[in-house]
Amino acid sequence: METTEVQIHRGLRGIYIDNTQASFIDGNVGKLLYRGYDIHELAEKSTFEETMYLLLHGQLPTRAQLSAFDAELRAARPIPAEVIQIIRLVQRAHPMDVLRTAVSALAAFDPDVTNESPEAILRKGIRLTAQAATVVAAHERIRHGLDPVPPDPSLNHAGNFLYLLRGKRPDPEEAKTMDVDFIIHAEHSSNASAFAARVTASTLSDLHSAIVTGIGTLKGPLHGGAAEKVMEMAEAIGQPERAEEYVRETLKSHGRIMGFGHAVYKAEDPRARHLRDRSKVLGEKRGEPQWFQILTVLEQKAMVPYRARGIYVNVDFFAGSVYHLLGIPSDLFISIFAMGRIPGWTLQVMEQQAHNMLLRPLLNYTGPMDLPYVPMDQRR
Ligand code: ACO
């Protein structure tokens, strides 16, 4: 049989599929830019609404532009009663399955569902970002036997989400922590879920389908699940004095320390620092300082030798403790990641469709060739 030598790029690692203006990552120095702006400046000086505007429009808004954008986002929060009904029907499913189902159902009620113009994709991305917060919070309340609370238009996106979850207004510090978390999760180049969303967009399918694809892809433990695992690890360690022993034992049995390492960053993930102090402050305020203490021993002592191998903390390392301290149950952690990432997925769908080419790689077939078809009664 004649064979042709093909070059396989397993996992597509190191392959550029297109140009982008969404985000820039230099994993060797831990640098991340959204639309050219440093993530540190955005996390410290911006708001989620402003960062979302920047991502979707490509430039920082004027005061009037931000105000109109924010008003559109706030107005889009309510979800149809039929979608609440669907959430009730699937309430026992994992929150990511519920979010995926609800986003799919929301397509049926979206006035732009058949309109894939750039303006319509933008409107749908804004609506879905607002509605996803309502879905996640409504599900959390419904599965605990509580009625969803109506969105509060006087609160920003992050504050409103915490309000919808708890039924009472968060203090400004908690709302700011949630806001920063949404900023640092908003966009991250061609990670698995954004790539999957692009594949869907490249068939000229619609935005809801692409976001459903993104949610389904993010759900896997190799992508969105580490924050939950970090909190489980901190609970298993229990007290700071046990952290070094835990690392020794885990690595001896070839396990992984959750919240460390990254496929792209070989220096500290620049997003991690923005939740470090917030984890400390929130822990002290809540009377649970042990989580930050345990994480600090892991970061500053036990895992220091691994820095030489490019293994540093990633964005999920402090996120788990922060969510826990905000009173958020651990199976909601990935949904919060997904909510924050909708602007990035929307932007990548817009980029893909602006100069589309069907994403259609090849698979090198290695199975048998030209087998004779055997009739059923002659098979053994
Ligand atoms: N703990 C211990 N060792 C690690 C860790 C870790 N967290 N991460 C990587 N290593 C080691 C591996 O054991 C491997 O060692 P070896 O060469 O002796 O076999 C080496 O570093 C390279 O590991 P790979 O998995 O090949 O490296 P990659 O860069 O593809 O891994 C990944 C990235 C999957 C994130 C990995 O670091 C990991 O499993 N981390 C823990 C889970 C986690 O925190 N995930 C969240 C990532 S951030 C995000 O997705 C938003």
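Residues numbered from 1 in each chain as written. Predicted model: local features only at pLDDT ≥ 70, side-chain atom pairs only at ≥ 80, totals over all residues. Heavy atoms only, no water.

1. Topic: the site of the ligand
Part 1: The environment of the ligand is made up of 19 residues, and the closest members are Arg256, Ile257, Gly259, Phe260 and Lys266.
Part 2: For the ligand, an oxygen atom lies 2.7 Å from a polar atom in the side chain of Arg256.
Part 3: The contact in question runs from a nitrogen atom of the ligand to an N or O atom on the backbone of Phe260, over 2.8 Å.
Part 4: When isolated, the ligand has an accessible area of 930 Å², and the protein chains bury 66% of it.
Part 5: Here the shell around the ligand is composed, by residue class, of nine nonpolar, five polar and five charged. (Near = heavy atom within 4 Å. Polar contact = N/O pair within 3.5 Å; in protein donor to acceptor, adjacent residues only side chain to side chain. Areas by Shrake-Rupley, 256 points an atom, 1.4 Å probe, with all protein chains shown as cover. Nonpolar A, V, L, I, M, F, W, Y, C, P; charged D, E, K, R; others polar.)

2. Structural notes on the sheet that holds strand β3 (residues 37–38)
Part 1: Pairing in this open sheet of three strands is antiparallel, and the strands run β1-β2-β3 from one edge to the other. Two strands lie at the open edges of the sheet, namely β1 (23–26) and β3, each paired on one side alone. (Pairing = 2+ DSSP bridges. Helix = DSSP H or I, 4+ residues; strand = E, 2+ residues; numbered from the N terminus.)

3. Brief notes about the pattern of salt bridges
Part 1: Within this structure, the stated rule accounts for 25 salt bridges.
Part 2: One salt bridge connects Glu173 with Arg278, and the closest N-O pair in it is separated by 3.2 Å. Within this pair, whereas Glu173 is found in helix α8 (residues 172–185), its partner Arg278 is found in helix α13 (residues 273–285), the two being separated by 105 residues in sequence.
Part 3: For Lys229, the salt bridge goes to Glu232, with nearest N and O atoms at 3.7 Å. With a gap of three residues between them, Lys229 and Glu232 both fall in helix α11 (residues 226–237), about one helical turn apart.
Part 4: Judged by relative accessible area, which is 36%, Lys229 ranks as partly exposed.
Part 5: Assessed through its relative accessible area of 37%, Glu232 is described here as partly exposed.
Part 6: Salt bridges sharing common partners tie together Asp110, Asp112, Arg123 and Arg127. (Salt bridge = Lys/Arg side-chain N within 4 Å of Asp/Glu carboxyl O. Buried < 20%, exposed > 50% of the residue type's maximum accessible area, 1.4 Å probe, protein only.)

4. Some points on helix α4 (residues 81–89)
Helical geometry: 3.6 residues make up each α-helical turn, so side chains three or four residues apart lie on a common side.
Part 1: Of all the positions in α4, only Val83, Ile84 and Ile87 are classed as buried. Seen from one end, α4 has its buried residues packed into an arc of 105°, which puts them on one side. Opposite the buried face of α4, by more than 90 degrees, sit the exposed residues Ala81 and Leu89.
Part 2: Looking at the buried positions of α4, the neighbouring elements they touch are α5 (95–107) and α6 (118–142). (Arc of directions from axis to C-beta. Contact = heavy atoms within 4.5 Å.)

5. Quick word on the domain arrangement of the protein chain
Part 1: What the domain assignment reports for the protein chain is domain 1 (23–220 + 334–354) and domain 2 (226–325).
Part 2: The C-alpha centroid of domain 2 is placed 26 Å from the C-alpha centroid of domain 1.
Part 3: In this assembly, 27 residues from domain 1 lie in contact with 21 residues from domain 2.
Part 4: For the domain 1 and domain 2 pair, buried surface summed over both sides reaches about 1900 Å², with 59% attributable to carbon and sulfur atoms.
Part 5: When residues of domain 1 are sorted by the area they lose upon contact with domain 2, His40, Thr177 and Ile184 head the list and together hold 26% of the total. (Domains from an automatic or database assignment. Buried area = accessible area lost by both parts, 1.4 Å probe.)

6. Description of helix α9 (residues 192–202)
Part 1: Most of α9 is tucked away, with eight of its 11 residues classed as buried.
Part 2: Within the span of α9, buried status applies to Ser193, Ala194, Ala196, Ala197, Arg198, Thr200, Ala201 and Ser202.
Part 3: Directly beyond the C-terminal end of α9, a positive phi value near 65° is found at Leu204.

7. Some words on the packing of aromatic side chains
Part 1: Tallied over the full model, the rule gives seven aromatic pairs.
Part 2: Taken together, the ring pairs connect Phe260, Phe292, Phe317 and Phe318 into an aromatic cluster. (Phe/Tyr/Trp six-rings, centres within 6.5 Å; stacked < 30°, edge-to-face > 60°.)

8. Details of empty space enclosed by the protein
Part 1: A full pass over the atoms with the stated rule returns two cavities of 30 Å³ or more.
Part 2: Residue lining of the largest cavity: Phe260, Glu268, Glu299, Met303, Arg307, Ile311, Tyr312 and Val313, and that is the complete set.
Part 3: Broken down by class, the residue content of the lining of the largest cavity amounts to five nonpolar, no polar and three charged.
Part 4: There is about 30 Å³ of room inside the second largest cavity.
Part 5: Lining the second largest cavity, in full, are His185, Gly224, Ala227, Asp316, Tyr323, Phe333, Ile334 and Phe337.
Part 6: Residue assignment for the lining of the second largest cavity shows that the elements contributing at least two residues are α15 (316–325) and α16 (333–354).
Part 7: If you tally residues by element for the lining of the second largest cavity, the top one is α16, at three residues.
Part 8: Among the residues forming the lining of the second largest cavity, the class breakdown is five nonpolar, two polar and one charged.
Part 9: No fewer than three residues from each of domain 1 (23–220 + 334–354) and domain 2 (226–325) sit in the lining of the second largest cavity. (1 Å grid on protein atoms, 1.4 Å probe; cavity = no way out; pocket = protein on both sides within 12 Å on 5 of 7 lines; lining within 4 Å. Points joined across faces, edges and corners; volume = space filled by probe spheres on them.)

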